[in-house]
Amino acid sequence: MATNLTAAPDLPPLPPYTLTEAPDTIAGIPDFYLSAIAPVVAYWAVSLIFHLIDIYDLFPQYRLHTPAEILQRNRATRFEVFRDVIIQQIIQTGMAVVLGYTDPPQLVGREEHDVAVWATRVRLAQRAVPVILGLLGINAATVSKNMALSHPLLAGALAGGYYPSLSTNLDAGDGALVPTFAAWELVVAKAIYYAIIPAFQLAVAVSVLDTWQYFLHRGMHMNKWLYTKFHSRHHRLYVPYAYGALYNHPFEGFLLDTLGAGLAYKVANMSVKQGIFFFICSTIKTVDDHCGYALPWDPLQHITGNNAAYHDIHHQSWGIKTNFSQPFFTFWDRILGTIWKGDTTLKYERSRNKAADSLKAETKNVSAKAQ
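All of the points below concern the structure found in this document. (Residues numbered from 1 in each chain as written. Predicted model: local features only at pLDDT ≥ 70, side-chain atom pairs only at ≥ 80, totals over all residues. Heavy atoms only, no water.)

Looking at soluble globular proteins, one finds that nonpolar side chains tend to be buried together. Among the nonpolar cores identified, the biggest contains 20 residues, and Tyr43, Phe50, Val81 and Val287 are the most heavily contacted of them. Elements supplying a minimum of two residues to this core: α1 (31-55) and α3 (78-102). The dominant element in this core, judged by the number of residues it contributes, is α1, at four residues. Excluding anything up to four places from it in sequence, tyrosine 43 contacts Val85, Gln89, Ala242, Tyr243, Gly244, Ala245, Leu246, Thr283 and Val287. Grouped together as the second largest cluster of nonpolar side chains are 17 residues, Ala38, Leu99, Ala205 and Ala268 included. (Core = buried A, V, L, I, M, F, W, Y, C linked by side-chain atoms within 4.5 Å. Buried < 20%, exposed > 50% of the residue type's maximum accessible area, 1.4 Å probe, protein only. Helix = DSSP H or I, 4+ residues; strand = E, 2+ residues; numbered from the N terminus. Contact = heavy atoms within 4.5 Å.)

This next bit is on the pattern of salt bridges. What the rule picks out here adds up to twelve salt bridges. A salt bridge links aspartate 57 to arginine 63; the shortest N-O distance between them is 3.0 Å. Under the relative-accessibility criterion, aspartate 57 is labelled partly exposed at 35%. On the basis of relative accessibility, which here comes to 15%, the residue arginine 63 falls in the buried class. With a shortest N-O distance of 2.9 Å, aspartate 84 and arginine 233 are connected by a salt bridge. Here the residue aspartate 84 occupies a position in helix α3, and arginine 233 occupies one in the loop between α9 (224-229) and α10 (250-267), the gap between them amounting to 149 residues. Three or more residues are tied together by salt bridges with common partners; here these are Asp54, Asp57, Arg63 and Arg78. (Salt bridge = Lys/Arg side-chain N within 4 Å of Asp/Glu carboxyl O.)

What the rule picks out here adds up to 21 aromatic pairs. Here tryptophan 225 and phenylalanine 230 contribute two aromatic rings whose centre-to-centre distance is 5.5 Å and whose plane-to-plane angle is 90 degrees, an arrangement assigned as edge-to-face. Take phenylalanine 230: its relative accessible area is 10%, and that puts it in the buried class. Pairing phenylalanine 230 with phenylalanine 251 gives two aromatic rings, centres 5.0 Å apart and planes at 45 degrees, and the pair type is tilted. Placement of phenylalanine 230 in the loop between α9 and α10 and of phenylalanine 251 in helix α10 is noted, with a sequence separation of 21 residues between them. The exposure class assigned to phenylalanine 251 is partly exposed, which follows from its relative accessible area of 41%. An aromatic cluster of three or more residues is present, and its members are Tyr43, Trp44, Phe82, Tyr241 and Tyr243. Across the ring face of tyrosine 17, the terminal group of arginine 110 is positioned such that the distance to the ring centre comes to 4.9 Å. Here arginine 121 stacks its cationic end above the ring of tryptophan 118, 4.5 Å away from the centre of that ring. (Phe/Tyr/Trp six-rings, centres within 6.5 Å; stacked < 30°, edge-to-face > 60°. Lys NZ or Arg CZ within 6 Å of the ring centre and 35° of its normal.)

Roughly 900 Å³ of internal volume is contained in the largest pocket. Around the largest pocket sit 27 residues that line it, and Gln106, Leu107, Tyr193, Ser271 and Gln274 are the ones nearest its centre. Counting residues per element, the ones that place at least two in the lining of the largest pocket are β2 (107-108), α4 (111-125), α8 (183-222), α10 and α11 (272-289). Among the residues making up the lining of the largest pocket, the classes are represented as 14 nonpolar, six polar and seven charged. (1 Å grid on protein atoms, 1.4 Å probe; cavity = no way out; pocket = protein on both sides within 12 Å on 5 of 7 lines; lining within 4 Å. Points joined across faces, edges and corners; volume = space filled by probe spheres on them. Nonpolar A, V, L, I, M, F, W, Y, C, P; charged D, E, K, R; others polar.)

Next up, the structure:
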């Protein structure tokens, strides 16, 4: 058990805590294993949904490409795509195991203590209020005194975080009164601890992954050897579909996706549970970006401009040197001028017509040979 009481007598003491092992996210499945299998399960679950939409042609009005284009334009078979995705996911699972072994023990029990630490910081930050008001020509002490009876909490904040009325006799020592936190200070502290910090960590992870993937992805297009040796395999799918999202050369898949996500997780200093959430989100987003549909009711296609329609342009021969950003945002494309500009309607129409004509000619040849 740890106490870590604050030394300053005018500050509330920090509560003691006892650390215990954190419970697993799903009972019976250790988080160590869940972090490895959850992204794989998410990948195939979401891919299956899009695959069923695809084979039953449920929403033809939202297709980016026709079935004829899938048959005529892609240079990899469904089996080849499936095989290479499985290979990458084996590598991905191995990486998850390595990350798991490098993670510190996941412990709980000091949440109230950490919230109190942030409440203390909020209290100390109030010490600057009288100084700031003084620079504006306002006497904080006078204002605080005048509203002490009607608005004691506001008066305390204006006085620099001094709340004489907030105290308790729960001191374990001699029974003397000790100061306590105001309710609003605890609300702010909990918001920081439970919402703002995790949101910041997620933003850091997303930014790191987007940056990592943009520059490596763009580099593989700029360097002829890297493109021919590694990245060209992914571009055998001129017409992307959901479970082809991770169809890559194994080395590229490890470098671009697996290592990038692991690096983002470590840089953001996420917990294992946060990492599981992040890996699932990035996996689902990648699958959605390759789904081949512009679905108006798909929230992932509206959160950012980096969606299936955006990434599909990059898979076309005429857009291959643009739209490198993935998987979350498009800020690097916008900053560095690699975003596609112009209308794509006629280009897609030509591709559809060419694939349809090619399929008709192929069908006619097959029929002629059969006769």
